[in-house]
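# Remarks on the overall topology
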Amino acid sequence: MLKANGLWFRYGRRLPWVIENQTLAIAPGERVALVAPSGRGKTTLSKLLAGYLQPQQGQIRLDDRPLPSQGYCPIQLIFQHPELAINPRWRIDQSLNEAPRPSPEILAALGIQPGWLQRYPHELSGGELQRLAIARVLTPATRYLIADEMTAMLDANTQALIWQVVLEFAQEHGVGLVVISHSEALLGRICERAIALGG
Amino acid sequence: MRLSPTVPSRLSGFSNRRQHTLGAIALCGLFLLGVMVSPWFLSDAGLNPILALRNQPPSWSYPFGTDWLGRNMMVRSLQGLSLSLRVGLLAASVSAIIGTGLGVAAGSLGGWVDAVIIWIIDVFFSLPHLVLLILIAFAVGGGTRGVIIAVALTHWTSLARVMRAEVLQLNGADYVQISRRLGRSPFWIAQHHLMPHLLPQLLVGLILLFPHAILHEAALSFIGIGISPHLPAIGIILAESMRHLSTGYWWLGVMPGLLLLLAVKAFDWLGENLRALLDPKTSQG
Amino acid sequence: MLSISQLAIRFTQYDRGLRRKQLQVITDLSLSVEAGEVVAVVGSSGSGKSLLAHALLGILPDNAQQQGQVSFLGEPLTPERCRQLRGKAIALIPQSISSLDPLMQVGHQVQRVAQLAGASQAEARTTVGRTFARYDLPKSTGDRYPFQVSGGMARRVLVSTAVVTQAQLVIADEPTPGLHPDVAKETLQHLRELAQGGRGVILITHDIEAALQIADRVAVFYAGTTVEIAAAADFPAGNLRHPYSQALWRALPQNEFIPVPGSQPSPEALPRGCLFGDRCPQVSEVCQMERPPLRPLNQGWVRCVHAEG
């Protein structure tokens, strides 16, 4: 169970609160949509949950323990822009090895071709890079996956292909999903329930 | 079908841009290395006064002419430039090390360390460059040592700023933050994400520091608080020539001056080409 | 107004050291745009849709080579003519506010665009005033810097940059991602209005839903080729001709959400036959022999030997 209790967060001491007294709980294997008008802290909350930011007040607990401060984080966040998520000076293969290497079945299911591995990120398209960024976190150590507009930049076919793999993986390993998307159709397809921010 | 390359002119001369860049780098490197080691290959004969051949204008046997004692100006200029280059190399390297060290420390440690380093950089920037150079050179007693210390202590600031900005930007980059969440230690990240990015910056920064170091070394020597007048540094040669310019012996100043200009330009060109090659964004051009 | 036929673009890139390789990024693109219509160019990233915009504006990088025929208003669009026309007869609506100069007030920037397109300073000022008024931008917006305008306003400012030029052809490159659905809808509506005013509009997007909201015709790109040109109504009506466009429609979350597996072929090693061959359920021997040509079918175009009326 992933639980956030009374989270408060702001980016600076004189700036307004972005997250105010937010509490939520997500069970393993659950698929939850995070809903709020734009600019109301959806991305901030996902960064808090994945440990990219530290809340000023409140705690995030995974199975009643605080998040580990080092080592592989069991809660992983996928961003909208894959070209920022991969070191531009590394070959793809090196980036894939940054985390425990994903299984060949995952790579094949995502349509990742062996020929891509020796290339540099600027030689691949956004859709191809996003498949790699996702493959990297589809490992058994991942317990929760937060998708922040994960497929907003991708065409419908690549979007469906990526979600098919992610949903299958989540079901098989009991991974909880938190999904942010502007597309209501997509949220309706994927999620079982929605959490409205601030509510 | 019509074939229309977008920029035909640039493609026609050199079929391969990367060859062009590498060629420029090799050419500049060889020229500078040649100047630097030239004193060991030129005989000292050119330095002996031959009074019969005083004040000869440039000719085939004396491309740079001779001075008021009949010394070969080309040999003197090369000797002087070689000395200046070596002094510049040492000063620029020390400067680059200081700049990198402080810049990386400011960027990665942050907090009061960052504040102090930024403050020092701002102090250096707010003082007139040459005044500071003169003060430091004078304070440590002048001479070759004085020049090296003065140039080394005053030229690290801009590289430190660049390095600090690079480290801040890298630490804020998504892929570095993700790396941490993927379980990588700060040391691993510094080694694999930061170093490969900073090293080319350091190399290019160092090479682009040279021209400044050499020019300021020459400037200090020119006004008489740098390298001792007995040594034929390029600044000394130029200072001496000033006394003879009004008498029409233009080559005494112009020829060594041109050589200095060429050397500085070569460093600049070398640095720019190296940067173009090392940056993945421009290396495809 | 604009007609592109068999456009091909190849990049020469450095591999390791001095060895070079050829990347065929656009193989065979054909497209036409008439005055008063919105043509959407739909495809995945890497399908060559953004490069098409670059080619039309003459801003391809130096290592690109271009082949094929492009004509604009009846005359061939040479690199020189591109340079003359861009910003005047052909205008781009940039993807985001970051394309504007961050240190210059937006009103000045839009006015400069108008002046560069040939208007005098006084004319430009009145045009900008009129355009801002039309897009409900308060007068004070002109005095703001790009970082001070909100997302929705920023879009209207970007649309204004194209409107003040009187350009006959407007290219909008991915105008909707990252926008709130209402703002996205509004932006698309502005593009529609531009077409109603007699201009030709090319909407480049990966988002079919956005495209179908305003486009008259949709060109589907795949691996640097036009695989189909269809009327927007053909999508919901199920009249699509090419297996890839059918797959795109089927993959939408509101439809079946079922993808075709695999990925686009690499521009370094394109197959000899049909570029969609390795992912196509209908693939046969004929497809793998040679690349099918683009042919007319049911008032549209398709690049597939199996498609029937």
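Residue numbers here run from 1 along each chain, matching the order of that chain's written sequence. For this description, chains carry letters from A and ligands carry numbers from 1, given in the order in which they are written. The predicted nature of this model means local features are confined to residues of pLDDT at least 70 and side-chain atom pairs, given and counted, to a pLDDT of 80 or more, with totals for whole chains, interfaces and linings taken over all residues. The basis for the side-chain values is all heavy atoms of the structure; hydrogens and waters are excluded.

## Remarks on the confidence of the model for chain B
Residue and element names in this part refer to chain B. In the predicted model, chain B carries a mean pLDDT of 82, and 91% of its residues have values of at least 70. pLDDT gives the predictor's per-residue confidence on a scale running from 0 to 100. Numbering of helices and strands starts at the N terminus; helices are DSSP runs of H or I of at least 4 residues and strands are runs of E of at least 2. The lowest-confidence element of chain B is helix α1 (residues 8-13), averaging 39 in pLDDT; the highest-confidence one is helix α8 (residues 174-181), averaging 92. A low-confidence stretch, residues 1-14 stays under pLDDT 50, and its non-local contacts, those more than four residues away or across chains, total 21 contacts. Throughout, a residue-residue contact means that at least one pair of heavy atoms, one from each residue, lies within 4.5 Å.

## Some points on the interface of chain B and chain A
At the interface, 18 residues of chain B touch 21 residues of chain A. Here's the idea: put two parts together, see how much 1.4 Å probe accessible area each one loses, and the total over both is what we call buried area. Buried area between chain B and chain A, summed over both chains or domains, comes out near 1,900 Å², and the portion from carbon and sulfur atoms is 53%. Three residues stand out in chain B for area buried against chain A, namely Tyr175, Arg181 and Leu182 of chain B, and they jointly supply 42% of the buried area on that side. The term salt bridge refers to a side-chain nitrogen of Lys or Arg lying within 4 Å of a carboxyl oxygen of Asp or Glu. Across the contact surface, chain B and chain A share zero salt bridges. Polar contacts here mean pairs of N or O atoms no more than 3.5 Å apart (in protein, one a potential hydrogen donor and the other a potential acceptor; neighbouring residues in sequence count only if both atoms are side-chain atoms). On the surface where chain B and chain A come into contact, there are eleven residue pairs in polar contact (both at pLDDT 80 or more). Only α8 and α9 (186-222) of chain B provide two or more residues apiece to the side of chain B that touches chain A. If you tally residues by element for the side of chain B that touches chain A, the top one is α8 of chain B, at seven residues.

## Let's talk about the nonpolar core
In this description, a nonpolar core means a group of buried Ala, Val, Leu, Ile, Met, Phe, Trp, Tyr and Cys residues linked to one another through side-chain atoms lying within 4.5 Å. Remark: exposure states derive from per-residue accessible area (1.4 Å probe, protein chains only) relative to the maximum for the residue type, with buried under 20%, exposed over 50%, and partly exposed in between. With 129 residues, the main nonpolar core has Leu45, Leu132 and Trp163 of chain A together with Ile93 and Leu191 of chain C as its most contacted residues. Take this core: its biggest share by element is eight residues, from helix α6 (residues 156-173) of chain A. If near-sequence neighbours (up to four positions away) are discounted, Leu191 of chain C is found in contact with Val38, Ile93, Ala172, Pro175, Val201, Leu203 and Ile214 of chain C.

## So, the pairing of strand β3 (residues 31-35) of chain A
Residue and element names in this part refer to chain A. Taken together, the three bridges between β3 and strand β8 (residues 176-180) define a ladder with parallel strand orientation. Residue pairing in the sheet places Val32 in a bridge with Val178 of β8. Pairing geometry for β3 and strand β9 (residues 193-196), over four bridges, is parallel. Bridge pairing in β9 links Val35 to Ala196. In this scheme, strands are said to pair when DSSP sees at least two bridges between them.

## Side note on the sheet that holds strand β6 (residues 75-78) of chain A
Residue and element names in this part refer to chain A. With parallel pairing, the five strands of this open sheet are ordered in space as β6-β7-β8-β3-β9. In this open sheet, the two edge strands, each paired with only one partner strand, are β6 and β9. Direction aside, neighbouring strands of the sheet carry axes that sit 20 degrees apart on average. With respect to the sheet, helix α5 (residues 126-137) is in contact with β6 and β7 (144-148), its orientation differing from that of β6 by roughly 180 degrees. Fitted lines through C-alpha atoms serve as axes, helices being fitted only where they are in contact, and the angles separating the N-to-C directions of these axes extend from 0 to 180 degrees.

## What about the side chain of Gln76 of chain A?
Here Gln76 of chain A lies in strand β6. At 2.9 Å, the side chain of Gln76 of chain A and the backbone oxygen of Arg181 of chain B are in polar contact.

## A few points about the interface of chain C and chain A
Tallying the contact residues gives 33 residues for chain C and 30 residues for chain A. Between chain C and chain A, a total of about 2,400 Å² is buried, with carbon and sulfur atoms accounting for 52% of that surface. Measuring nitrogen to oxygen at the nearest pair gives 3.4 Å for the salt bridge that ties Arg119 of chain A to Glu268 of chain C. For the side of chain C that touches chain A, the element with the most residues is helix α9 (residues 243-250) of chain C, which contributes three residues. Following the grouping adopted for this structure description, the nonpolar residues are Ala, Val, Leu, Ile, Met, Phe, Trp, Tyr, Cys and Pro, the charged ones are Asp, Glu, Lys and Arg, and the polar ones are all others, Gly among them. Class assignment of the residues belonging to the side of chain C that touches chain A gives a composition of 14 nonpolar, 14 polar and five charged.

## Points about the pattern of salt bridges
What the rule picks out here adds up to 19 salt bridges over all chains. Of the charged contacts, one joins Glu192 of chain A and Arg31 of chain A as a salt bridge, the two residues approaching to 3.9 Å between their closest N and O atoms. Of this pair, Glu192 of chain A sits in the loop between α7 (184-190) and β9 while Arg31 of chain A sits in strand β3, and the two are 161 residues apart along the sequence. Overall, the relative accessible area of 48% leaves Glu192 of chain A in the partly exposed class. Note that Asp114 of chain B is salt-bridged to Arg164 of chain B, the shortest N-O span being 2.6 Å. In this pair, Asp114 of chain B is assigned in helix α4 (residues 111-126) and Arg164 of chain B in helix α7 (residues 157-172), connecting sequence segments 50 residues apart. Look at the salt bridges and you will find they share partners, linking Glu228, Asp234 and Arg241 of chain C into a network.

## What about the packing of helix α3 (residues 73-109) of chain B against helix α6 (residues 143-154) of chain B?
Residues and elements named next belong to chain B. Viewed as axis vectors pointing N to C, α3 and α6 meet at an angle of 35 degrees, and their least axial separation amounts to 8 Å. In this structure, α3 meets α6 at a crossing whose hand is right-handed. From α3, Val87, Leu90, Ala91, Val94, Ser95 and Ile98 reach across to α6, where they touch Thr144, Val147, Ile148, Val151, Ala152 and Leu153. Grouping the constituent residues of the contact of α3 with α6 by class yields ten nonpolar, two polar and no charged. Should the near helix be turned anticlockwise from the far one by less than a right angle, the crossing is left-handed, and should it be turned clockwise, the crossing is right-handed.

## Topic: the sheet that holds strand β4 (residues 57-62) of chain A
Residues and elements named next belong to chain A. One open sheet accounts for four strands, arranged β2-β1-β4-β5; its pairing is antiparallel. The outermost strands of the open sheet, each flanked by one partner alone, are β2 (19-26) and β5 (65-66). Here strand β1 (residues 2-9) pairs with β4 via five bridges, running antiparallel. Bridge pairing links Asn5 to Gln59 in β4. Running over the sheet, helix α1 (residues 42-49) touches β1, β2 and β4 and is turned about 60 degrees from β2.

## Focus: the packing of aromatic side chains
Pairing of aromatic side chains requires ring centres within 6.5 Å, counting the rings of Phe and Tyr and the six-membered ring of Trp. Pairs whose planes differ by under 30 degrees are stacked, by over 60 edge-to-face, and all others tilted. The final tally for this structure, using the stated rule, is twelve aromatic pairs over all chains. Ring geometry for Tyr222 of chain C against Phe276 of chain C: centres 5.1 Å apart, planes inclined by 90 degrees, an arrangement best described as edge-to-face. In this pair, Tyr222 of chain C sits in strand β9 (residues 217-222) while Phe276 of chain C sits in the loop between α9 and α10 (285-289), placing the two residues 54 residues apart along the sequence. Of the two residues examined, Tyr222 of chain C and Phe276 of chain C, each falls in the buried class. Counting every residue linked through ring pairs, the aromatic cluster contains Tyr249, Trp250 and Trp251 of chain B. Charge-over-ring contacts are defined here by two conditions on Lys NZ or Arg CZ: a distance within 6 Å of the ring centre and an angle within 35 degrees of the ring normal. Lying across the ring of Trp188 of chain B, Arg184 of chain B places its NZ or CZ 4.2 Å from the centre.

## Section: the environment of Ile106 of chain A
Inspection of the secondary structure puts Ile106 of chain A in helix α4 (residues 104-109). With 92 residues separating them along the chain, Ile106 of chain A and Arg14 of chain A place their C-alpha atoms 46 Å apart.

## So, the side chain of Arg136 of chain A
You can see Arg136 of chain A is positioned in helix α5. At 2.8 Å, the side chain of Arg136 of chain A forms a polar contact with the backbone oxygen of Ala85 of chain A. Not counting residues within four places of it along the chain, the set of residues in contact with Arg136 of chain A comprises Tyr72, Ala85, Ile86, Ser95, Leu96, Glu98, Ala99, Pro100 and Pro102 of chain A together with Ile178 and Leu182 of chain B.

## Regarding the confidence of the model for chain C
All names here are of chain C. For chain C, the average pLDDT comes to 88, and 99% of its residues sit at 70 or higher. Per-element mean pLDDT across chain C ranges from 83 in helix α5 (residues 151-163) up to 95 in strand β3 (residues 38-42). Of the two predicted TM-score estimates for the complex, the pTM is 0.80 and the ipTM is 0.90.

## A short note on the environment of Pro200 of chain B
Inspection of the secondary structure assignment puts Pro200 of chain B in helix α9. Considered as a pair, Pro200 of chain B and Arg275 of chain B are 75 residues apart in the sequence and their alpha carbons are 7.8 Å apart. When sequence neighbours within four positions are dropped, the list of residues in contact with Pro200 of chain B reads Arg89 of chain A together with Met195 and Leu278 of chain B.

## Some thoughts on a nonpolar patch on the surface
All names here are of chain B. A surface patch of nonpolar side chains, about 750 Å² in accessible area, is lined by Phe222, Ile223, Met242, Leu245, Trp250, Val254, Leu258 and Leu261. Looking at the nonpolar patch, the elements that each hand over two or more residues are α10 (234-245) and α11 (251-278). It is α11 that provides the largest number of residues to the nonpolar patch, a total of three residues. Of note, Phe222 is situated in helix α9. Surface patches are drawn from residues lacking salt bridges whose relative accessible area is over 30%; two like charges belong together within 9 Å, two nonpolar side chains (Val, Leu, Ile, Met, Phe, Trp, Tyr) within 5 Å. Residue-level accessible areas treat just the shown protein chains as cover; the underlying method is Shrake-Rupley with a 1.4 Å probe.

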